[in-house]
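One-letter residues, chain by chain:
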Amino acid sequence: MPIDIAPPPPASISSLSAVLPKIAGNRGIASKAPLLAQGANRMLQEQGTSDAPRPMLSSPVYVLGLDAIVAGQDLSAAKLAMWTHFFSAARDDDNQLVAADVNADTSRFASLKEGPQVHAFYRQVQALQQAPDIGLRSFELAQLRIPALHVKAVWLKDKGGTSDVVIPIAPTDPALTAGRRYSVQELLAALRPAAESAIAHTDPLKGG
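Residues numbered from 1 in each chain as written. Predicted model: local features only at pLDDT ≥ 70, side-chain atom pairs only at ≥ 80, totals over all residues. Heavy atoms only, no water.

**Brief notes about the pattern of salt bridges**
With the rule as written, the count across this model stands at six salt bridges. Of the charged contacts in the structure, one is a salt bridge between Lys113 and Asp101, with a shortest N-O distance of 3.2 Å. With Lys113 in strand E4 (residues 109-113) and Asp101 in strand E3 (residues 93-103), the pair connects residues that are 12 residues apart, well separated along the chain. By relative accessible area, Lys113 is classed as partly exposed at 28%. The buried category is assigned to Asp101, whose relative accessible area is 2%. What you see here is one network of salt bridges that share partners, running through Asp101, Lys113 and Arg145. (Salt bridge = Lys/Arg side-chain N within 4 Å of Asp/Glu carboxyl O. Helix = DSSP H or I, 4+ residues; strand = E, 2+ residues; numbered from the N terminus. Buried < 20%, exposed > 50% of the residue type's maximum accessible area, 1.4 Å probe, protein only.)

Given below as structure tokens:
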């Protein structure tokens with residue numbers, strides 16, 4: 001059974017329609033980050049006369065805080081924060097990817113990104129869709145982020161139980177191995193020392 005990729009909320013896609021022309025026509029972005037400008041232009045071209053752009057892949061993004069890790073909570077404590085939409089900056093070339101983040105609560109555009117982690121997430125999802133053992137079970141695709149530890153990961157949510165699979169994307173926290181499959185328990189146990197250390201060294205006067 002293939003990985004279930006949930007359709008993004010229509011409002012999340014619609015927000016891109018409003019911001020893409022501004023990004024595509026921004027000379028500063030074109031000068032400093034040409035791939036982002038190229039990606040925005042490509043999205044508009046792909047959209048054509050339709051009402052909204054068509055991502056190659058979309059995934060919900062859940063964010064987990066350090067306090068939840070230290071408290072021994074599982075990933076049910078992660079909060080839906082964004083939707084990420086992946087686009088190619090060139091026709092039929094998924095080697096030039098950009099990703100647009102849209103706030104899950106407000107459907108407001110948040111950012112447009114490029115770089116190794118954008119490619120790594122997309123490639124990892126592609127590989128998992130072809131993995132025979134993954135195909136024997138039923139998963140829903142999501143992305144997990146732990147910002148304080150610079151962790152981004154593919155999160156396969158087990159639709160038939162609690163056997164979720166989490167695969168960190170490089171670069172990641174030193175306690176993790178990028179590309180390795182972790183159970184939720186393994187992932188959180190590996191990150192707990194770093195989470196405890198980060199909280200212990202947070203200066204409350206700096207709002208950390």
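**Some points on helix H7 (residues 184-200)**
With 17 residues, H7 should reach 24 Å at 1.5 Å per residue; the first-to-last C-alpha distance of 23 Å fits that figure. Of all the bends in H7, the greatest reaches close to 40° and is centred on Arg192; the proline Pro193 follows between one and four positions later. Residues Val184, Leu187, Leu188, Leu191 and Ala195 constitute the buried set of H7. (Expected span 1.5 Å × (residues − 1). Bend = angle between axes of the 7 residues up to and from the residue.)

**Thoughts on the confidence of the model for the protein chain**
Caution applies to low-pLDDT parts of the model: their predicted coordinates are not meant to be read in detail. Summarising the model, the protein chain shows a mean pLDDT of 84, and 79% of its residues fall at 70 or more. Mean pLDDT across the elements of the protein chain ranges from a minimum in helix H2 (residues 27-32), with 65, to a maximum in strand E7 (residues 165-168), with 97. Overall, residues 204-208 carries pLDDT values under 50, and its contacts beyond four positions in sequence, including any with other chains, amount to two contacts. (pLDDT = per-residue confidence, 0-100. Contact = heavy atoms within 4.5 Å.)

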